[in-house]
Amino acid sequence: MTEQTERSLVEPRPLGEYRLWPKSFTDRLTAPLPGVRALARLAREGAVRPPVAALRDAARIPVDLPPPHAALPEAGPGTLAVTWAGHASWVIRAGGLTVLTDPVWSRRILGTPTRLTPVGVPWSALPRVDAVVISHNHYDHLDAPTLRRLPRDTPIFVPAGLASWFRRRRFTRVTELDWWEAAELGGVRFDFVPAHHWSKRTLSDTCRSLWGGWVLTDPDGRRVYFAGDTGYGHWFGEIGRRHPGIDLALLPIGAYAPRWWLSDVHTDPEEAVQACEDLGARSMAPMHWGTFALSAEPVLEPLTRVREAWARTGRPRDELWDLPIGGSRVLA
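Residues numbered from 1 in each chain as written. Predicted model: local features only at pLDDT ≥ 70, side-chain atom pairs only at ≥ 80, totals over all residues. Heavy atoms only, no water.

Of all the five residues making up strand β3 (residues 97-101), five are buried; the element is thus mostly covered by neighbouring parts of the structure. Two elements, strand β2 (residues 89-94) and β3, share five bridges in a ladder whose sense is antiparallel. Along β3, the bridge assignment pairs Ala94 with Leu97. The turn linking β2 back onto β3 is made up of two residues, and Gly95 within it adopts a positive phi angle of 60°. (Buried < 20%, exposed > 50% of the residue type's maximum accessible area, 1.4 Å probe, protein only. Helix = DSSP H or I, 4+ residues; strand = E, 2+ residues; numbered from the N terminus. Pairing = 2+ DSSP bridges.)

Structure, rendered in structure tokens:
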């Protein structure tokens, strides 16, 4: 066994263990957080939402909603399937488990307008949820009203420092991990990996919990990487080295303008395609666009740019899974 493989096979942590963490994770930041001058510039420019004319294009965002009570694609223990519910919310079927990523089924979140598009999967159409993974605590990724819909014994996998938020809400099976740590459930392995981002939910908890992405590995060795929220940087290459053979990378392509404000924490479409290359992933599925108006780029621009960036790589077109909201794909 090579050293690289050994590093990717760290011993899984016990599920639901109580752990002590440092009071702050600011030492994990890969770029300084914006200061007073940056905030003042943002206020002067007022570039925090797309122009009204660009918002009219929301009607052209690809949406493929199933009938109200239609089932998701069949996904037994030997199948890996994904369905995009919108933003960073995916329904992943792996190893016979149904896993939700950053579930947000609410019509709006704090500080943003109402959703541009409907949720791609009606809550009533979900099978039993076997696990939830959370990338970080920002409101568009950690949505309390959605999580209240889940049974309190649902297994939840979260970044270091975030378990207490769930336990206060009476969730009983919460596992928090540091970067490069892992846990297992039902034969599926959950590895928590770094991201170029940050965390904050209130005025006094900046970087009090960690942030990151997840690599899910099913019993047959198929791997899907969920990036969560992240800027571009060196972590993608390291994730690919420690987790070789990623079959599908779920990567964010929206909420990137203006670049001087958001480049450290959100990839743009071209950077997302480069991140897929760095990871060595076989396929890429774009996300984190077309759901909430979080930044100033036109709402359809991320899709146009990611398709153009993908074409420039020369890779087969069918390796870009640019799914509509509500769309599904099964990994053969």
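We are not done yet, so read on.
It is worth spelling out the pairing of strand β12 (residues 283-287) at this point. When you tally the buried positions in β12, you get five out of five residues, the bulk of the element. Burial along β12 is two-sided: Ser283, Ala285 and Met287 and Met284 and Pro286, pointing in opposite directions, are all buried. Across five bridges, strand β11 (residues 248-252) lies against β12 in parallel orientation. Directly across from Leu251, in β12, lies its bridge partner Pro286.

Ordered in space as β6-β5-β4-β3-β2-β1-β13, the seven strands form an open sheet in which the pairing is mixed. Two strands in the sheet have a free side with no partner beyond their single neighbour: β6 (174-177) and β13 (328-331). Neighbour to neighbour, the strand axes of the sheet diverge by 20° on average, direction disregarded. (Axes fitted to C-alpha atoms, helices over the stretch in contact; angles between N-to-C directions.)

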